[in-house]
Amino acid sequence: MSELTEAQATLKRGSKSFAFATLFFSKETRMDVSYLYAWCRWCDDVTDGSILGFNQNPHGLSANRVQQLMDKTRAAIENEMATVELPFVALGQVMRKYKIPGVYAEDLLAGMNQDAEALGFATLDNLLLYCYRVAGSVGLMMCHLMGVKEVRALKNAVDLGI
């Protein structure tokens with residue numbers, strides 16, 4: 001199975017509505033969205049223990065998993081990878097191609113860590129930060145993929161995620 005076929009299959013399995021929405025994109029954008037989604041899905045599965053990659057054991061702390069994901073993600077974005085794992089290779093290509101700020105990927109991983117650690121939401125601000133991290137950050141990455149750069153549109157993408 002090719003890298004693109006694998007990424008597209010991950011998208012179709014993981015999010016039917018998201019996969020449907022990509023049908024309205026150009027073939028190139030659809031491919032890049034599949035790559036971004038494959039990385040998001042991989043990280044979520046590793047964080048929640050569905051995939052025990054990175055030499056993890058089932059009793060490892062999620063914070064360790066997220067830190068390893070963070071390290072691999074940063075290396076992928078900076079094109080300094082020691083890994084050939086598709087989700088990271090693809091993420092690095094997409095992030096560099098569209099000049100997506102790495103902080104968006106880091107924010108998503110921070111949200112996954114919050115989720116995995118079941119930190120809870122003591123205040124509305126805690127909840128809003130979590131929502132930004134797990135959804136708004138993806139909206140910002142998607143804006144870059146779609147060529148949207150207007151500040152108002154970026155704010156709306158975050159609000160939609162929240």
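Since we're looking at a predicted model, the values are computed, not measured.

Overview of the side chain of Thr73
Step number 1: Within the secondary structure, Thr73 is located in helix H4 (residues 62-77).
Step number 2: On the basis of relative accessible area, Thr73 is assigned to the buried category, the value being 0%.
Step number 3: Leaving out residues up to four positions away in the same chain, Thr73 has contacts with Trp39, Phe88, Leu91, Ala105 and Leu109.

Concerning the packing of aromatic side chains
Step number 1: All told, the structure shown has one aromatic pair when counted by the stated rule.
Step number 2: Taking the centre distance of 5.0 Å and the plane angle of 50° together, the rings of Phe121 and Tyr130 count as tilted.
Step number 3: Sitting above the plane of the Phe88 ring, Lys72 keeps its charged end 6.0 Å from the centroid.

As for unusual backbone geometry
Step number 1: In this structure, Asn79 takes a positive phi of about 60° despite not being glycine.
Step number 2: Positive phi, close to 55°, is recorded for Lys99, a residue that is not glycine.
Step number 3: Within the element layout of this structure, Lys99 appears in the loop between helix H5 (86-97) and helix H6 (102-117).
Step number 4: According to the relative accessible area criterion, Lys99 is exposed, its value standing at 68%.

Overview of H5
Step number 1: For H5, spanning twelve residues, the distance from its first C-alpha to its last is 16 Å, which sits close to the expected 16 Å at 1.5 Å a residue.
Step number 2: The buried count for H5 comes to nine of twelve residues, which makes it a mostly enclosed element.
Step number 3: All of the buried residues along H5 are Leu86, Pro87, Phe88, Val89, Ala90, Leu91, Gly92, Val94 and Met95.
Step number 4: The first or second residue beyond H5 is Lys99, which carries a positive phi of 55°.

Reading the values: the criteria
Residues numbered from 1 in each chain as written. Predicted model: local features only at pLDDT ≥ 70, side-chain atom pairs only at ≥ 80, totals over all residues. Heavy atoms only, no water. Helix = DSSP H or I, 4+ residues; strand = E, 2+ residues; numbered from the N terminus. Buried < 20%, exposed > 50% of the residue type's maximum accessible area, 1.4 Å probe, protein only. Contact = heavy atoms within 4.5 Å. Phe/Tyr/Trp six-rings, centres within 6.5 Å; stacked < 30°, edge-to-face > 60°. Lys NZ or Arg CZ within 6 Å of the ring centre and 35° of its normal. Expected span 1.5 Å × (residues − 1).

Geometric values such as these leave the question of function open.
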